[in-house]
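This is what each chain is made of:
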Amino acid sequence: NRPDKLNALDRATIAALKAELAAAADDPAPRAVVLAGAGGKAFAAGADIAEMARLGPAEAEAYSREGQALAQAIDAVGRPVIAAVDGYALGGGCELALMCHLRVASAKARFGQPETKLGLIPGFGGTQRLARLVGEGRALELLLVGAPIDAARAFEIGLANRVVEGGALDGALALADEIAAVGPEAARACLRAVREGLRLPLGAGLELEARLFGQTFAGDEMREGTAAFMEKRPPRFAGR
Ligand code: COA
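As the structure is a computational prediction, the values presented were derived from the model and not from experiment. (Residues numbered from 1 in each chain as written. Predicted model: local features only at pLDDT ≥ 70, side-chain atom pairs only at ≥ 80, totals over all residues. Heavy atoms only, no water.)

Draft legend 1. A look at the site of the ligand. Taken together, the neighbourhood of the ligand is formed by 16 residues, with Lys-5, Lys-41, Ala-45, Ala-47 and Ile-49 sitting nearest. Burial of the ligand by the protein chains amounts to 59% of its free accessible area of 860 Å². When residues of the shell around the ligand are traced back to their parent elements, those giving at least two are helix H2 (49-53) and strand E4 (88-90). Counted by class, the shell around the ligand contains 10 nonpolar, 1 polar and 5 charged residues. (Near = heavy atom within 4 Å. Areas by Shrake-Rupley, 256 points an atom, 1.4 Å probe, with all protein chains shown as cover. Helix = DSSP H or I, 4+ residues; strand = E, 2+ residues; numbered from the N terminus. Nonpolar A, V, L, I, M, F, W, Y, C, P; charged D, E, K, R; others polar.)

Okay, structure coming up:
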(Lines give C-alpha, C1' and ligand atoms only; values in the text may rest on other atoms or scores of the structure.)
Protein backbone atom coordinates (compact mmCIF):
# COMPACT_ATOMS: atom_id res chain seq x y z
CA ASN A 1 0.00 0.00 0.00
CA ARG A 2 2.32 2.68 -1.33
CA PRO A 3 0.53 3.91 -4.42
CA ASP A 4 2.51 7.16 -4.84
CA LYS A 5 5.57 4.98 -5.60
CA LEU A 6 3.59 2.33 -7.50
CA ASN A 7 3.86 0.09 -4.41
CA ALA A 8 7.63 -0.26 -4.86
CA LEU A 9 8.91 -2.71 -2.28
CA ASP A 10 11.19 -0.80 0.04
CA ARG A 11 12.23 -2.36 3.34
CA ALA A 12 9.32 -0.81 5.24
CA THR A 13 6.79 -2.14 2.71
CA ILE A 14 8.35 -5.61 2.80
CA ALA A 15 8.18 -5.58 6.63
CA ALA A 16 4.55 -4.38 6.56
CA LEU A 17 3.64 -7.10 4.08
CA LYS A 18 5.27 -9.76 6.25
CA ALA A 19 3.29 -8.50 9.26
CA GLU A 20 0.02 -8.69 7.27
CA LEU A 21 0.86 -12.21 6.09
CA ALA A 22 1.67 -13.28 9.66
CA ALA A 23 -1.71 -11.89 10.77
CA ALA A 24 -3.40 -13.88 7.99
CA ALA A 25 -1.49 -17.00 9.07
CA ASP A 26 -2.76 -16.54 12.63
CA ASP A 27 -6.38 -16.10 11.54
CA PRO A 28 -7.95 -19.52 11.03
CA ALA A 29 -11.06 -18.18 9.25
CA PRO A 30 -9.99 -17.33 5.70
CA ARG A 31 -9.92 -20.10 3.11
CA ALA A 32 -7.73 -18.02 0.82
CA VAL A 33 -5.88 -14.73 0.91
CA VAL A 34 -5.73 -12.14 -1.87
CA LEU A 35 -2.78 -9.82 -2.28
CA ALA A 36 -3.45 -6.67 -4.31
CA GLY A 37 -1.65 -3.40 -4.89
CA ALA A 38 -3.21 -0.10 -3.81
CA GLY A 39 -4.00 2.61 -6.34
CA GLY A 40 -5.05 0.53 -9.34
CA LYS A 41 -1.96 1.38 -11.39
CA ALA A 42 0.45 -1.25 -10.10
CA PHE A 43 0.58 -4.50 -8.19
CA ALA A 44 4.13 -3.43 -7.42
CA ALA A 45 6.60 -1.73 -9.77
CA GLY A 46 9.58 -3.51 -8.25
CA ALA A 47 12.01 -3.35 -5.43
CA ASP A 48 12.63 0.27 -4.45
CA ILE A 49 15.25 1.53 -6.89
CA ALA A 50 16.08 4.62 -4.81
CA GLU A 51 16.72 2.45 -1.76
CA MET A 52 18.69 -0.12 -3.74
CA ALA A 53 20.89 2.45 -5.42
CA ARG A 54 22.59 3.16 -2.06
CA LEU A 55 23.44 -0.46 -1.24
CA GLY A 56 26.83 -2.14 -1.29
CA PRO A 57 27.30 -5.83 -2.15
CA ALA A 58 26.81 -7.26 1.38
CA GLU A 59 23.79 -5.04 2.05
CA ALA A 60 22.33 -6.00 -1.32
CA GLU A 61 22.70 -9.69 -0.50
CA ALA A 62 20.91 -9.12 2.81
CA TYR A 63 18.18 -7.14 0.99
CA SER A 64 17.74 -10.04 -1.42
CA ARG A 65 17.27 -12.45 1.49
CA GLU A 66 14.77 -10.08 3.13
CA GLY A 67 12.72 -9.99 -0.05
CA GLN A 68 13.09 -13.73 -0.65
CA ALA A 69 11.75 -14.40 2.85
CA LEU A 70 8.36 -13.06 1.75
CA ALA A 71 7.90 -16.47 0.15
CA GLN A 72 8.14 -18.20 3.53
CA ALA A 73 5.63 -15.72 4.94
CA ILE A 74 3.27 -16.57 2.06
CA ASP A 75 3.66 -20.33 2.48
CA ALA A 76 3.21 -19.97 6.26
CA VAL A 77 -0.35 -18.75 5.63
CA GLY A 78 -1.11 -22.40 4.81
CA ARG A 79 -3.98 -21.34 2.55
CA PRO A 80 -3.82 -20.31 -1.10
CA VAL A 81 -2.46 -16.79 -1.53
CA ILE A 82 -3.65 -15.20 -4.77
CA ALA A 83 -1.97 -12.23 -6.43
CA ALA A 84 -4.46 -9.80 -8.00
CA VAL A 85 -2.44 -8.00 -10.66
CA ASP A 86 -3.76 -4.73 -12.07
CA GLY A 87 -1.16 -2.69 -13.91
CA TYR A 88 2.52 -3.19 -13.31
CA ALA A 89 4.05 -6.27 -11.73
CA LEU A 90 7.67 -5.53 -12.50
CA GLY A 91 10.90 -6.72 -10.94
CA GLY A 92 10.25 -7.44 -7.26
CA GLY A 93 6.53 -6.99 -7.98
CA CYS A 94 6.61 -9.79 -10.54
CA GLU A 95 8.66 -11.86 -8.09
CA LEU A 96 6.10 -11.24 -5.34
CA ALA A 97 3.37 -12.43 -7.72
CA LEU A 98 5.51 -15.48 -8.49
CA MET A 99 5.78 -16.29 -4.77
CA CYS A 100 1.98 -16.37 -4.55
CA HIS A 101 0.25 -19.66 -5.27
CA LEU A 102 -1.97 -18.25 -8.03
CA ARG A 103 -2.08 -15.11 -10.15
CA VAL A 104 -5.14 -13.34 -11.52
CA ALA A 105 -4.51 -10.52 -14.00
CA SER A 106 -6.70 -7.77 -15.40
CA ALA A 107 -6.33 -6.81 -19.07
CA LYS A 108 -4.06 -3.91 -18.07
CA ALA A 109 -1.58 -6.09 -16.19
CA ARG A 110 2.05 -5.91 -17.29
CA PHE A 111 4.54 -8.46 -16.04
CA GLY A 112 8.28 -8.16 -16.41
CA GLN A 113 11.74 -8.54 -14.98
CA PRO A 114 13.48 -5.32 -16.12
CA GLU A 115 16.40 -5.58 -13.69
CA THR A 116 18.99 -6.15 -16.41
CA LYS A 117 18.05 -2.74 -17.82
CA LEU A 118 19.29 -1.35 -14.49
CA GLY A 119 22.43 -3.47 -14.58
CA LEU A 120 21.31 -5.90 -11.90
CA ILE A 121 19.42 -9.15 -11.65
CA PRO A 122 16.23 -10.20 -9.84
CA GLY A 123 16.92 -10.82 -6.17
CA PHE A 124 13.54 -11.88 -4.78
CA GLY A 125 13.45 -15.33 -6.35
CA GLY A 126 12.74 -14.30 -9.94
CA THR A 127 15.59 -16.18 -11.57
CA GLN A 128 14.45 -19.38 -9.87
CA ARG A 129 10.64 -19.25 -9.74
CA LEU A 130 10.08 -17.76 -13.19
CA ALA A 131 12.10 -20.54 -14.83
CA ARG A 132 10.25 -23.19 -12.82
CA LEU A 133 6.84 -21.72 -13.66
CA VAL A 134 7.16 -20.79 -17.34
CA GLY A 135 10.22 -22.77 -18.43
CA GLU A 136 13.87 -21.89 -18.90
CA GLY A 137 13.68 -20.35 -22.37
CA ARG A 138 10.73 -18.10 -21.65
CA ALA A 139 12.22 -17.04 -18.32
CA LEU A 140 15.55 -16.22 -19.91
CA GLU A 141 13.84 -14.15 -22.60
CA LEU A 142 12.00 -12.11 -19.94
CA LEU A 143 15.22 -11.68 -17.97
CA LEU A 144 17.52 -10.90 -20.87
CA VAL A 145 15.21 -8.60 -22.84
CA GLY A 146 13.74 -6.93 -19.76
CA ALA A 147 10.63 -5.71 -21.60
CA PRO A 148 7.24 -6.31 -19.95
CA ILE A 149 4.64 -8.65 -21.37
CA ASP A 150 0.90 -8.03 -21.42
CA ALA A 151 -1.79 -10.05 -19.65
CA ALA A 152 -2.62 -12.18 -22.69
CA ARG A 153 1.02 -13.26 -23.13
CA ALA A 154 1.33 -13.86 -19.36
CA PHE A 155 -1.67 -16.17 -19.58
CA GLU A 156 -0.28 -17.90 -22.67
CA ILE A 157 2.96 -18.81 -20.92
CA GLY A 158 1.30 -19.82 -17.65
CA LEU A 159 2.43 -16.82 -15.64
CA ALA A 160 -1.16 -15.68 -15.09
CA ASN A 161 -3.73 -18.31 -14.14
CA ARG A 162 -6.60 -16.16 -15.32
CA VAL A 163 -7.09 -12.89 -17.18
CA VAL A 164 -10.36 -11.33 -16.12
CA GLU A 165 -12.54 -8.58 -17.49
CA GLY A 166 -12.74 -5.71 -15.03
CA GLY A 167 -10.55 -5.47 -11.96
CA ALA A 168 -8.09 -8.16 -10.91
CA LEU A 169 -9.23 -7.89 -7.29
CA ASP A 170 -12.79 -8.95 -8.16
CA GLY A 171 -11.39 -11.76 -10.28
CA ALA A 172 -9.10 -12.92 -7.49
CA LEU A 173 -11.96 -12.80 -4.96
CA ALA A 174 -14.10 -14.88 -7.34
CA LEU A 175 -11.29 -17.45 -7.55
CA ALA A 176 -10.99 -17.34 -3.74
CA ASP A 177 -14.73 -18.08 -3.50
CA GLU A 178 -14.30 -21.15 -5.71
CA ILE A 179 -11.43 -22.33 -3.52
CA ALA A 180 -13.50 -21.69 -0.39
CA ALA A 181 -15.95 -24.38 -1.55
CA VAL A 182 -13.45 -27.26 -1.59
CA GLY A 183 -12.30 -29.16 1.47
CA PRO A 184 -10.03 -26.75 3.40
CA GLU A 185 -7.74 -29.47 4.74
CA ALA A 186 -7.48 -30.97 1.25
CA ALA A 187 -6.56 -27.54 -0.13
CA ARG A 188 -3.90 -27.15 2.53
CA ALA A 189 -2.49 -30.61 1.74
CA CYS A 190 -2.38 -29.78 -2.00
CA LEU A 191 -0.35 -26.66 -1.29
CA ARG A 192 2.13 -28.67 0.76
CA ALA A 193 2.32 -31.53 -1.72
CA VAL A 194 3.01 -29.24 -4.68
CA ARG A 195 5.23 -26.63 -3.00
CA GLU A 196 7.35 -29.08 -1.03
CA GLY A 197 7.16 -31.74 -3.72
CA LEU A 198 8.61 -29.48 -6.39
CA ARG A 199 11.74 -29.14 -4.29
CA LEU A 200 12.17 -32.92 -4.11
CA PRO A 201 13.18 -35.63 -6.56
CA LEU A 202 10.06 -37.33 -7.99
CA GLY A 203 10.33 -40.39 -5.74
CA ALA A 204 10.49 -38.33 -2.57
CA GLY A 205 7.65 -36.15 -3.82
CA LEU A 206 5.49 -39.24 -4.37
CA GLU A 207 6.35 -40.40 -0.83
CA LEU A 208 5.18 -37.02 0.47
CA GLU A 209 1.98 -37.31 -1.57
CA ALA A 210 1.25 -40.80 -0.21
CA ARG A 211 1.73 -39.59 3.38
CA LEU A 212 -0.52 -36.57 2.88
CA PHE A 213 -3.09 -38.72 1.04
CA GLY A 214 -3.14 -41.09 4.01
CA GLN A 215 -3.48 -38.20 6.46
CA THR A 216 -6.60 -36.89 4.72
CA PHE A 217 -8.28 -40.22 5.54
CA ALA A 218 -7.75 -39.57 9.26
CA GLY A 219 -9.96 -36.46 9.24
CA ASP A 220 -13.71 -35.80 9.11
CA GLU A 221 -13.39 -33.83 5.92
CA MET A 222 -13.03 -36.76 3.53
CA ARG A 223 -15.78 -38.69 5.34
CA GLU A 224 -18.12 -35.74 4.78
CA GLY A 225 -16.96 -35.15 1.18
CA THR A 226 -17.39 -38.77 0.11
CA ALA A 227 -20.68 -39.19 2.04
CA ALA A 228 -22.06 -36.02 0.42
CA PHE A 229 -21.21 -37.40 -3.02
CA MET A 230 -22.96 -40.70 -2.33
CA GLU A 231 -25.98 -38.95 -0.77
CA LYS A 232 -26.14 -36.62 -3.80
CA ARG A 233 -25.91 -33.43 -1.70
CA PRO A 234 -23.35 -30.64 -1.40
CA PRO A 235 -20.66 -31.26 1.24
CA ARG A 236 -20.74 -29.32 4.51
CA PHE A 237 -17.11 -28.84 5.43
CA ALA A 238 -16.31 -27.63 8.95
CA GLY A 239 -16.06 -23.87 9.29
CA ARG A 240 -18.32 -23.06 6.33
N1 COA B 1 11.35 1.98 -7.15
C2 COA B 1 11.21 3.21 -6.62
N3 COA B 1 10.32 4.10 -7.07
C4 COA B 1 9.54 3.74 -8.09
C5 COA B 1 9.65 2.47 -8.69
C6 COA B 1 10.60 1.57 -8.16
N7 COA B 1 10.74 0.34 -8.64
N8 COA B 1 8.74 2.40 -9.70
C9 COA B 1 8.10 3.58 -9.72
N10 COA B 1 8.59 4.38 -8.76
C11 COA B 1 8.17 5.76 -8.42
C12 COA B 1 8.66 6.77 -9.46
O13 COA B 1 9.99 7.14 -9.17
C14 COA B 1 7.68 7.88 -9.25
O15 COA B 1 8.02 8.59 -8.08
P16 COA B 1 8.00 10.21 -8.07
O17 COA B 1 6.57 10.56 -8.42
O18 COA B 1 8.38 10.58 -6.68
O19 COA B 1 8.96 10.63 -9.14
C20 COA B 1 6.38 7.15 -8.96
O21 COA B 1 6.75 5.86 -8.51
C22 COA B 1 5.49 6.98 -10.16
O23 COA B 1 6.25 6.34 -11.19
P24 COA B 1 6.43 6.99 -12.67
O25 COA B 1 7.69 6.43 -13.24
O26 COA B 1 6.28 8.46 -12.63
O27 COA B 1 5.15 6.36 -13.41
P28 COA B 1 4.99 6.07 -14.97
O29 COA B 1 3.56 5.73 -15.16
O30 COA B 1 5.57 7.17 -15.78
O31 COA B 1 5.90 4.75 -15.27
C32 COA B 1 6.77 2.55 -14.79
C33 COA B 1 5.57 3.54 -14.66
C34 COA B 1 6.41 1.28 -14.02
C35 COA B 1 6.98 2.23 -16.27
C36 COA B 1 8.02 3.20 -14.22
O37 COA B 1 7.72 3.71 -12.93
C38 COA B 1 9.18 2.26 -14.06
O39 COA B 1 9.83 1.90 -15.04
N40 COA B 1 9.48 1.81 -12.81
C41 COA B 1 10.59 0.97 -12.50
C42 COA B 1 10.32 -0.45 -12.92
C43 COA B 1 11.53 -1.30 -12.63
O44 COA B 1 12.58 -1.17 -13.24
N45 COA B 1 11.36 -2.21 -11.67
C46 COA B 1 12.38 -3.14 -11.31
C47 COA B 1 13.12 -2.66 -10.13
S48 COA B 1 14.40 -3.79 -9.71
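Draft legend 2. Spatial organisation of the packing of aromatic side chains. Across all of its chains, the model carries 2 aromatic pairs by this definition. Seen from their ring centres, Phe-213 and Phe-217 are 4.9 Å apart, and the 55° between their planes marks the pair as tilted. Since its relative accessible area comes to 36%, Phe-217 is described here as partly exposed. (Phe/Tyr/Trp six-rings, centres within 6.5 Å; stacked < 30°, edge-to-face > 60°. Buried < 20%, exposed > 50% of the residue type's maximum accessible area, 1.4 Å probe, protein only.)

Draft legend 3. Fine view of helix H9 (residues 168-180). Across its 13 residues, H9 extends 18 Å between first and last C-alpha, which sits within 8% of the 18 Å expected from 1.5 Å per residue. Turning to H9, its buried residues number three or more, namely Ala-168, Gly-171, Ala-172, Leu-175, Ala-176, Ile-179 and Ala-180. Contacts made by the buried residues of H9 are with strand E1 (33-36), strand E3 (81-85), strand E5 (102-106) and strand E8 (162-164). (Expected span 1.5 Å × (residues − 1). Contact = heavy atoms within 4.5 Å.)

Draft legend 4. Molecular detail of the sheet that holds E3. Spatially, the 4 strands line up as an open sheet ordered E1-E3-E5-E8, and their pairing is parallel. Two strands lie at the open edges of the sheet, namely E1 and E8, each paired on one side alone. Between one strand and the next, the sheet's axes are offset by a mean angle of 25°, whatever the strand orientation. Pairing analysis gives 4 bridges linking E1 to E3, with the strands arranged parallel. Its bridge partner lying in E3, Val-33 is registered against Val-81. (Pairing = 2+ DSSP bridges. Axes fitted to C-alpha atoms, helices over the stretch in contact; angles between N-to-C directions.)

Draft legend 5. Up close: the nonpolar core. Residues Phe-43, Val-85, Leu-96, Phe-111 and Leu-159 are the most contacted members of the largest nonpolar core, which totals 40 residues. For Phe-111, the residues in contact, after removing those within four places along its chain, are Val-85, Ala-89, Leu-90, Cys-94, Ala-105, Pro-148, Ile-149, Ala-154, Leu-159 and Ala-160. (Core = buried A, V, L, I, M, F, W, Y, C linked by side-chain atoms within 4.5 Å.)

Draft legend 6. Looking closely at the pattern of salt bridges. On inspection of all chains with the given rule, the structure shows 10 salt bridges. Ionic pairing is found between Arg-2 and Asp-10, a salt bridge with its closest N-O pair at 3.5 Å. Here Arg-2 and Asp-10 have matching classes, each one buried. When the shortest N-O distance is used, the salt bridge between Arg-233 and Glu-224 registers 2.7 Å. (Salt bridge = Lys/Arg side-chain N within 4 Å of Asp/Glu carboxyl O.)

Draft legend 7. Structural context of the packing of helix H10 (residues 184-197) against helix H11 (residues 202-216). Orientation of H10 relative to H11, taken along the N-to-C sense of each, is 170°, at an axis distance of 9 Å. Here H10 is positioned roughly antiparallel relative to H11, judged by the angle of their axes. Facing H10, whose interface residues are Ala-189, Arg-192, Ala-193, Glu-196 and Gly-197, H11 presents Gly-205, Leu-208, Leu-212 and Thr-216. (Parallel < 35°, antiparallel > 145°, perpendicular 65-115°, else oblique.)

Draft legend 8. Main features of the state of the cysteines. The full count for this structure, using the stated rule, is 0 disulfides. Cys-94 forms no disulfide, and the closest cysteine sulfur to it belongs to Cys-100, at a distance of 11 Å. Overall, the relative accessible area of 2% leaves Cys-94 in the buried class. We note that Cys-190 lacks a disulfide partner, and the nearest cysteine sulfur, in Cys-100, lies 18 Å from it. (Disulfide = S-S within 2.5 Å.)

Draft legend 9. Highlighting a nonpolar patch on the surface. Taken together, the side chains of Ile-49, Leu-118 and Leu-120 present a nonpolar region at the surface, about 250 Å² in accessible area. Examined against the element boundaries, Leu-118 turns out to sit in the loop between strand E6 (110-112) and helix H6 (126-134). (Patch = residues over 30% accessible without salt bridge, like charges linked within 9 Å, V, L, I, M, F, W, Y side chains within 5 Å.)

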